[in-house]
There are 2 protein chains.
Amino acid sequence: MNRFAPLALALACTLAALPALAAQDKPTPTAKEILAASKPAEWRTPDPANLLYMQLPAGRVVIELAPEFTPLHAQNIRTLVRQGYFDGLAIVRVQDNFVTQWDDPNGDDGGDKAKLHPLGKAKATLPPEFTRAIDSKQPWTPLPDGDVYAPQVGFSEGFPVARDPASGKEWLVHCYGMVGVGRDVPPDSGNGSALYAVIGQAPRRLDHNLAVVGRVLQGMPFLSALPRGTGPMGFYEKAGERTPILSVKLAADLPPAQRENIQVLRTGSPSFAALIDAARHGHSAFYPVPVGKLGICDIHAPVRVDGKPL
Amino acid sequence: MNRFAPLALALACTLAALPALAAQDKPTPTAKEILAASKPAEWRTPDPANLLYMQLPAGRVVIELAPEFTPLHAQNIRTLVRQGYFDGLAIVRVQDNFVTQWDDPNGDDGGDKAKLHPLGKAKATLPPEFTRAIDSKQPWTPLPDGDVYAPQVGFSEGFPVARDPASGKEWLVHCYGMVGVGRDVPPDSGNGSALYAVIGQAPRRLDHNLAVVGRVLQGMPFLSALPRGTGPMGFYEKAGERTPILSVKLAADLPPAQRENIQVLRTGSPSFAALIDAARHGHSAFYPVPVGKLGICDIHAPVRVDGKPL
């Protein structure tokens, strides 16, 4: 059972120091220990106006919108959700090592989606919001180890962010579990009625080409473990292969008693800094040599429900 | 259907030049065009002594061993396969955004795996083979855009490789679809009887801490789309959740007529160089601005079966 323990859990085990470990500092605190010692104020309770509950037959996916980065898209998605737009739609595409996408299948079946399924009060097109101006007032926790694609990377309140000081722009990074907006060729053709979640290696070529609207906080396996579509780009070829979306609701629209008690560790907190340090410099008997580096998509802001880490 | 086309397929479409595109060079060749124009000599037919056919109920997974990097592990795995060691074993662990692992479940059920399931002529322990000395005679196609974790990265005959000239070492990188050797805490405790494939963001902290023995050429969805295990580290909690392994055979042990006609594009070929160039500098109406960079786990050596790209 202890074969090939991943870092976090290997660190979580209390293991006798081996000779290889003795050459390093004393064993570093484990992720589990760091989270157990975290203070209540280090945890952020997301605004329920930013939390989507997407109910699939197998369970619930919780998505946190990121209106600081994509405010117009967040507002349009809220409008769509409140109209019940997504209820009865489906997961139409699962492309291996890339994305799971949901949409109105009528668009894929050759129908005119906009006619068959009016957007109501939501807008049909939106300014792209692929990037935003760097705002020094926003929280910013830089990661020091560089990045292949962007001059700077770091976190802003739980979201992975890349920055280019030369252009003055910043944008959310397409890490595993991030949610983006499907669109047609025109940059303004995305409106939030088709969304995707990253289920593989971070597709960084999508960064600042598509609007990223949030992050899956809970339920990723309900999106990542679905059968891959066998059509072009991972679209399902038969209607029966699609996973139905039972409903998408905004937490703010539910009575407080029906909302989840979900929290995200603040990425500006000392405990998140300790997690970064453990990921970069942590060592154990299983991993005697610290890796020394950390990529922007290699650590995620921890989430807990009812105080229990997911 | 054309919403949110990924780069390769967006490039594959013939799209009228938009104003944003006019600012760039003329549209670049698409991946599909590059592969269609490739020459037979650019494709390598893997040695059948290095090809594992792992038969699952849903289909076949084909793995190419990398004996240039991990020769002792490759030989031990061949010995295990030829004894029928894996036949009737199971996928015992699927940890989301990490690995799918197969092994003898008796080890997980508290039994003494080595007693219940003797390794026969295979060795119980092996020198780690986590790294090897850089060999200037091996093929080497560097990627120029840097890497967060290693001083140099590139490809060697289809496999992603990292190098550290200071130490004189190189090692296979834990990209999506790479196959590694599960072990216990002692570095020599891996023997190939427990293997894992990467199914998420490249877990680079595993590099040069675990032996990487090969790459999945075909059938990744049969490993990546499995239900995630709900036990610690993604182990399945109930025996019935495990996916049985019907058989693992070496292609070399099958009559030639039963072997797949599988080929891998040579990563030192002009066509692979063109694919790298297209990934870095390619642009289309959908992605008007080239991303300009390419990470080691963001491109894979193409595979074809009977001449048809997978």
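Refer to the structure presented above.
Numbering of residues begins from 1 in every chain and follows the order in which that chain's sequence is written. Starting at A for chains and at 1 for ligands, labels are handed out in the order in which the entities are written. With pLDDT at 70 or above as the cut-off, local features in this predicted model cover only qualifying residues; side-chain atom pairs require 80 or more to be listed or tallied, and sums for whole chains, interfaces and linings still use all residues. The side-chain values count all of the structure's non-hydrogen atoms but skip hydrogen atoms and water molecules.

Colleague: So what exactly am I meant to see when it comes to the overall build of chain A here?
Modeller: Comment: elements are numbered from the N terminus, with helices defined as DSSP H or I runs of at least four residues and strands as E runs of at least two. Scanning chain A for helices and strands turns up 8 helices and 18 strands. For chain A, whose C-alpha radius of gyration is 20 Å, the value lies close to the compact-globule estimate of 19 Å for 310 residues. Viewed in the frame of its principal axes, chain A has a C-alpha envelope of about 70 × 45 × 40 Å. Relative accessibility decides the category of a residue: with a 1.4 Å probe and only protein chains considered, values under 20% of the type maximum give buried, values over 50% give exposed, and everything between is partly exposed. For chain A, the proportion of its 310 residues judged to be buried stands at 58%. It only takes one pair of heavy atoms within 4.5 Å for two residues to be counted as in contact. When contacts within chain A are restricted to residue pairs at least 6 apart in sequence, long-range pairs at least 24 apart make up 71% of them. We get accessible surface area from the Shrake-Rupley algorithm with a probe of 1.4 Å; when it comes to residues, only the shown protein chains can shield them. Only carbon and sulfur atoms are counted for the fraction: they give 57% of the accessible area of chain A, which is about 12,200 Å². Counting 31 positive and 30 negative side-chain charges, chain A places the averaged centre of each group 3 Å from the other. Restricting the calculation to C-alpha atoms gives the radius of gyration, and the globule rule supplies 2.2 Å times the number of residues raised to the power 0.38. Within this scheme the basic residues Lys and Arg register as positive and the acidic residues Asp and Glu register as negative, but His and the chain ends are omitted. Charged groups are reduced to one reference atom each: NZ for lysine, CZ for arginine, CG for aspartic acid, CD for glutamic acid.

Colleague: Please clarify how the pattern of salt bridges should be interpreted in this entry.
Modeller: Where side chains of opposite charge bring their charged atoms close, a pairing between them can arise. Counted as salt bridges are all cases of a side-chain nitrogen of Lys or Arg within 4 Å of a carboxyl oxygen of Asp or Glu. Per the counting criterion, the structure on display carries 24 salt bridges over all chains. Between Arg204(A) and Asp207(A) there is a salt bridge; the shortest N-O distance is 2.8 Å. Owing to a relative accessible area of 3%, Asp207(A) belongs among the buried residues under this scheme. For the salt bridge of Arg228(B) with Asp96(B), the shortest nitrogen-to-oxygen distance reads 2.7 Å.

Colleague: Sorry, what's going on with the interface of chain A and chain B here?
Modeller: Accessible area lost during the coming together of the parts is what is often quoted as the interface size. On the chain B side, the residues contacting the 65 residues of chain A number 64 residues. Summed over both partners, the accessible area (1.4 Å probe) lost when two parts come together is defined as the buried area. The junction of chain A with chain B conceals about 5,500 Å² of combined surface from both sides, 59% of it contributed by carbon and sulfur atoms. Broken down by secondary-structure element, the contributors of at least two residues to the side of chain A that touches chain B are helix H1 (7–12), strand S5 (99–103), helix H5 (105–108) and helix H7 (220–224) of chain A. The residue makeup of the side of chain A that touches chain B, split by class, is 35 nonpolar, 15 polar and 15 charged. Each residue gets one of three labels, nonpolar for Ala, Val, Leu, Ile, Met, Phe, Trp, Tyr, Cys and Pro, charged for Asp, Glu, Lys and Arg, and polar for the others, Gly among them.

Colleague: Help me understand the sheet that holds strand S2 (residues 51–56) of chain A, please; the structure alone is not making it clear to me.
Modeller: Pairing between sheet strands relies on hydrogen bonds along the backbone, with the strands arranged either parallel or antiparallel. Residue and element names in this part refer to chain A. Here a strand pair is declared whenever DSSP counts at least two bridges between the two strands. Within the open sheet, the 9 strands sit side by side as S14-S4-S5-S12-S11-S13-S3-S2-S15. Their pairing is antiparallel. Where the open sheet ends on each side, the last strands, each with one partner, are strand S14 (243–244) and strand S15 (247–250). Summarising the sheet, strand S3 (residues 59–65) and strand S13 (residues 212–218) pair through 4 bridges and their orientation is antiparallel. Following the sheet pairing, Ile 63 is matched in S13 by Val 216. Here helix H4 (residues 71–82) sits on the sheet in contact with S2, S3, strand S11 (178–181), strand S12 (195–198), S13 and S15, set at roughly 120° to S15. To get an axis, fit a line to the C-alpha atoms, keeping to the stretch in contact for a helix; angles then go from 0 to 180 degrees between the N-to-C directions.

Colleague: Help me understand the pairing of strand S5 (residues 99–103) of chain B, please; the structure alone is not making it clear to me.
Modeller: Regular strands have side chains that alternate between both faces of the sheet. All names here are of chain B. Taking burial as the measure, the 5 residues of S5 include 5 buried ones, the bulk of the element. Summarising the sheet, strand S4 (residues 90–94) and S5 pair through 4 bridges and their orientation is antiparallel. Its bridge partner lying in S5, Arg 93 is registered against Gln 101. Taking the residues between adjacent antiparallel strands as the criterion, S4 and S5 are bridged by 4 residues, where Asn 97 takes a positive phi near 55°.

Colleague: What's the story with the packing of aromatic side chains in this structure? I'm lost.
Modeller: Two aromatic rings, taken as a pair, are described by how far apart their centres are and by the angle between their planes. All names here are of chain A. Side-chain rings of Phe, Tyr and Trp (the six-membered ring for Trp) are treated as a pair once their centres are within 6.5 Å; stacked means planes under 30 degrees apart, edge-to-face means over 60, and tilted covers the remaining angles. Going through the model one piece at a time under the given rule, you end up with 6 aromatic pairs over all chains. Taking the centre distance of 5.2 Å and the plane angle of 80° together, the rings of Phe 155 and Phe 272 count as edge-to-face. Here Phe 155 is found in strand S8 (residues 152–156), whereas its partner Phe 272 is found in helix H8 (residues 270–281), with 117 residues between them in sequence. Take Phe 155 and Phe 272: they sit in the same class, and that class is buried.

Colleague: Help me understand the relation of the copies chain A and chain B, please; the structure alone is not making it clear to me.
Modeller: Two chain copies, one operation linking them: a rotation about an axis together with a shift along it. Between chain A and chain B, which share one sequence, the superposing operator has a rotation angle of 180° and an axial displacement of 0.0 Å; the RMSD is 0.0 Å. A rotation of that kind, with that shift, is consistent with a two-fold axis. The superposition of copies rests on a least-squares fit of C-alpha positions from residues with pLDDT of 70 or more in both.

Colleague: What exactly am I supposed to notice about empty space enclosed by the protein here?
Modeller: To find leftover empty space, a probe the size of one water molecule is rolled over the atoms. Grid points spaced at 1 Å over the protein atoms alone were grouped into cavities, where a 1.4 Å probe fits but cannot get out, and pockets, open sets with protein on both sides within 12 Å along at least five of seven lines, with lining residues defined by an atom within 4 Å of a point. Grid points are joined across faces, edges and corners, and a volume is the space filled by probe spheres set on the points. Within the structure shown, the criterion is met by 10 cavities of 30 Å³ or more. Lining of the largest cavity is provided by 21 residues; of these, Val148(A), Gln201(A), Arg204(A), Val148(B) and Gln201(B) occupy positions nearest its centre. Residue composition of the lining of the largest cavity, by class: 10 nonpolar, 5 polar and 6 charged. By volume, the second largest cavity amounts to about 60 Å³.

Colleague: Sorry, what's going on with helix H4 (residues 71–82) of chain B here?
Modeller: Three or four residues apart is the spacing at which side chains of an α-helix point the same way, because the helix has 3.6 residues per turn. All names here are of chain B. Expected helix span is computed as 1.5 Å times (number of residues minus one). The end-to-end C-alpha distance of H4 is 16 Å, a good match for the 16 Å that 12 residues give at a rise of 1.5 Å each. Along H4, the positions that sit buried rather than exposed are His 73, Ala 74, Asn 76, Ile 77, Arg 78, Thr 79, Leu 80 and Val 81. Residues of H4 that are buried sit in contact with strand S2 (51–56), strand S3 (59–65), strand S11 (178–181), strand S12 (195–198), strand S13 (212–218) and strand S15 (247–250). A positive phi of about 75° marks Gly 84, the residue just after H4.

Colleague: Help me out: how do you make sense of the pairing of strand S10 (residues 169–172) of chain B in this one?
Modeller: Residue and element names in this part refer to chain B. In terms of strand pairing, strand S6 (residues 132–133) meets S10 through 2 bridges, oriented antiparallel. Its bridge partner lying in S10, Arg 132 is registered against Glu 170. Bridging between strand S9 (residues 159–164) and S10 involves 4 bridges; their strand directions are antiparallel. Bridging across to S10, Arg 163 finds its partner in Glu 170.

Colleague: Would you explain the state of the cysteines in this entry?
Modeller: Working definition of a disulfide: a covalent bond connecting the sulfur atoms of two cysteines. All names here are of chain A. Only a pair of cysteine sulfur atoms within 2.5 Å counts as a disulfide in this structure description. Summed over all chains, the structure comprises 2 disulfides over all chains. The side chain of Cys 175 participates in a disulfide bridge whose partner is Cys 297; the two sulfur atoms lie 2.0 Å from each other. Across the disulfide from Cys 175 to Cys 297, rotation about the S-S bond amounts to roughly -75°, and the bridge is consequently left-handed. Here Cys 297 lies in the loop between H8 and strand S17 (303–305) and Cys 175 lies in the loop between strand S10 (169–172) and S11, a separation of 122 residues in the sequence. Both residues of the pair, Cys 175 and Cys 297, count as buried.

Colleague: Sorry, what's going on with the sheet that holds strand S16 (residues 262–265) of chain A here?
Modeller: Residue and element names in this part refer to chain A. Spatially, 4 strands are ordered S1-S16-S17-S18 in an open sheet, and the strand pairing comes out antiparallel. In the strand order of this sheet, the two ends are held by strand S1 (43–44) and strand S18 (308–309), each with one partner. Where S17 meets S18, 2 bridges bridge the pair, whose relative direction is antiparallel. Along S18, the bridge assignment pairs Val 305 with Lys 308.

Colleague: What am I meant to see in the environment of Lys137(A) here?
Modeller: Residue and element names in this part refer to chain A. Structurally, the position occupied by Lys 137 is in the loop between strand S6 (132–133) and strand S7 (141–142). Lys 137 gets classed as exposed once you look at its relative accessible area, which sits at 75%. Measuring from C-alpha to C-alpha, the distance between Lys 137 and Leu 72 comes to 20 Å, with 65 residues separating the pair along the chain.

Colleague: Just checking my understanding: could you explain unusual backbone geometry for this structure?
Modeller: As a rule of thumb, non-glycine residues mostly have phi less than zero, and peptide bonds are mostly trans rather than cis. Despite not being glycine, Asn97(A) has its phi angle at roughly 60°, a positive value. Along the chain, Asn97(A) turns up in the loop between strand S4 (90–94) and S5.

Colleague: Is there a simple way to think about the side chain of Arg44(B) in this case?
Modeller: Topologically, Arg44(B) is positioned in strand S1 (residues 43–44). Distance and chemistry together define a polar contact, namely a pair of N or O atoms within 3.5 Å, with one atom able to donate a hydrogen and the other to accept it when in protein, and with adjacent residues in sequence counting only for side-chain atoms on both sides. A polar atom in the side chain of Arg44(B) sits 3.0 Å from the backbone oxygen of Glu157(B).

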